[in-house]
Amino acid sequence: MSLDFKKMQETLQGIYQRYESEAGQFKEQAVCGRGCSSCCSVMGKIDIVTVEGIILLERLESMPESEAKEISQGLERDRNLRRKGKKSACPFLDEQGACRVYHVRPFSCRQLYSLRKCDQGGPLVHKQAVSLARKVVRDIQKLDDTGYSGHHSFILKLLQNEKFRNTYSAGGFDPSSIKKFGKKHEIIINRFAK
Ligand code: SF4
């Protein structure tokens, strides 16, 4: 049966909202603010699930052509750097340090906050918020049971592969078809994630 992306996106929004209300007591102590983009510039992987990738691609397709092209080139650059073991700033970040997909940003980004400025010894987070975020990641992976998780530019690359996209959209589940790409880019099968 084909995936009902509209329904999945509504459920995902509900999961995000529930997290915000449960983590609010912790996040309200954060020192983060607009333009502070350390976490988007220097953090490691920006993991997403495939359904979050569909949402990002839809947003990308709705952008002016020049902006979408710039981001797509940034995603390609990001993949090349990461294949060499290097980190890169998120291609969705604009020159002012703001997220260009803020309203549809994935959970990886929603869970980030810090009790101290990141340049003063790295981010500091409540233990309870970390364990809450772990549960939310599992809920999102369960929702996307026929999908995968991994760094955003690699998941987006997968989704831009027509054959993969058709199988995934049709509700198909065939990890063997992405085995090589998945292994090389640390992509996890949601159904088997712990
Ligand atoms: S998607 Fe947006 S919030 Fe997430 S890392 Fe990229 S720029 Fe930052």
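Residues numbered from 1 in each chain as written. Predicted model: local features only at pLDDT ≥ 70, side-chain atom pairs only at ≥ 80, totals over all residues.

### Quick look at helix α4 (residues 65–83)
For α4, spanning 19 residues, the distance from its first C-alpha to its last is 27 Å, which sits close to the expected 27 Å at 1.5 Å a residue. Every buried residue of α4 is listed here: Ile71, Leu75 and Asp78. For α4, the angular spread of the buried residues around the axis is 60°, confining them to a single face. Opposite the buried face of α4, by more than 90 degrees, sit the exposed residues Glu65, Ser66, Lys69, Gln73, Asn80 and Arg83. Buried residues along α4 sit in contact with α3 (50–61) and α7 (152–159). The positive-phi residue at the C-terminal boundary of α4 is Gly85, with phi of around 80°. (Helix = DSSP H or I, 4+ residues; strand = E, 2+ residues; numbered from the N terminus. Expected span 1.5 Å × (residues − 1). Buried ≥ 20, exposed ≤ 12 C-beta atoms within 10 Å, placed from the backbone. Arc of directions from axis to C-beta. Contact = placed C-beta atoms within 7 Å.)

### Considering the packing of helix α1 (residues 5–27) against helix α6 (residues 127–143)
Between α1 and α6, the shortest axis-to-axis distance is 10 Å and the interhelical angle comes to 175°. Between α1 and α6, the angle is such that the two are roughly antiparallel. Every residue of α6 that contacts α1 at Met8, Thr11, Leu12, Ile15, Tyr19, Glu22, Ala23 and Phe26 is listed here: Gln128, Ala129, Leu132, Val136, Asp139, Ile140 and Leu143. Here the contact of α1 with α6 is built from residues that sort into 11 nonpolar, two polar and two charged. (Axes fitted to C-alpha atoms, helices over the stretch in contact; angles between N-to-C directions. Parallel < 35°, antiparallel > 145°, perpendicular 65-115°, else oblique. Nonpolar A, V, L, I, M, F, W, Y, C, P; charged D, E, K, R; others polar.)

### Focus on the sheet that holds strand β1 (residues 47–49)
Read from one edge to the other, the open sheet built from three strands follows the order β1-β2-β3, with strand pairing classed as antiparallel. Across the chains shown, the open sheet's two edge strands, defined by having one partner strand only, are β1 and β3 (188–189). In the sheet, β1 pairs with strand β2 (residues 148–151) via three bridges, with the strands oriented antiparallel. The residue bridging Val49 from the neighbouring strand is Ser149, located in β2. (Pairing = 2+ DSSP bridges.)

### Topic: the site of the ligand
Near the ligand you find Cys40, Ile46, Cys90, Phe92, Leu93, Cys99, Val101, Arg105 and Cys109, and these make up its full shell. The residue makeup of the shell around the ligand, split by class, is eight nonpolar, no polar and one charged. (Near = placed C-beta within 6 Å.)

### Describing the packing of α1 against α3
Look at α1 against α3: their axes get within 11 Å of each other, and the N-to-C directions meet at 105°. By the angle between their directions, the pair α1 and α3 is classed as roughly perpendicular. Contacts between α1 and α3 involve Phe5, Met8, Gln9 and Leu12 on the former and, on the latter, Val51, Ile54 and Ile55. Residues that form the contact of α1 with α3 fall into these classes: six nonpolar, one polar and no charged.

### So, the environment of Phe107
Topologically, Phe107 is positioned in helix α5 (residues 107–110). Of the residues examined, Phe107 has 20 C-beta atoms within 10 Å and is grouped as buried. Along the backbone, Phe107 and Val49 are 58 residues apart, and their C-alpha atoms lie at a distance of 9.1 Å. Residues contacting Phe107, with those up to four places away along its chain left out, are Tyr16, Val136, Val137 and Ile140.

### What to know about the nonpolar core
Core analysis: the biggest nonpolar cluster contains 24 residues, and Val51, Ile155, Leu156, Leu158 and Leu159 have the highest contact counts within it. Among the elements of the structure, α1, β1, α3, α4, α5 and α7 are those that each provide at least two residues to this core. Among the elements that line this core, the one with the most residues is α7, at five residues. Once you skip the residues sitting within four places of it in the chain, Ile155 turns out to touch Ile48, Thr50, Gly53, Tyr148 and Gly150. (Core = buried A, V, L, I, M, F, W, Y, C linked by C-beta atoms within 7 Å.)

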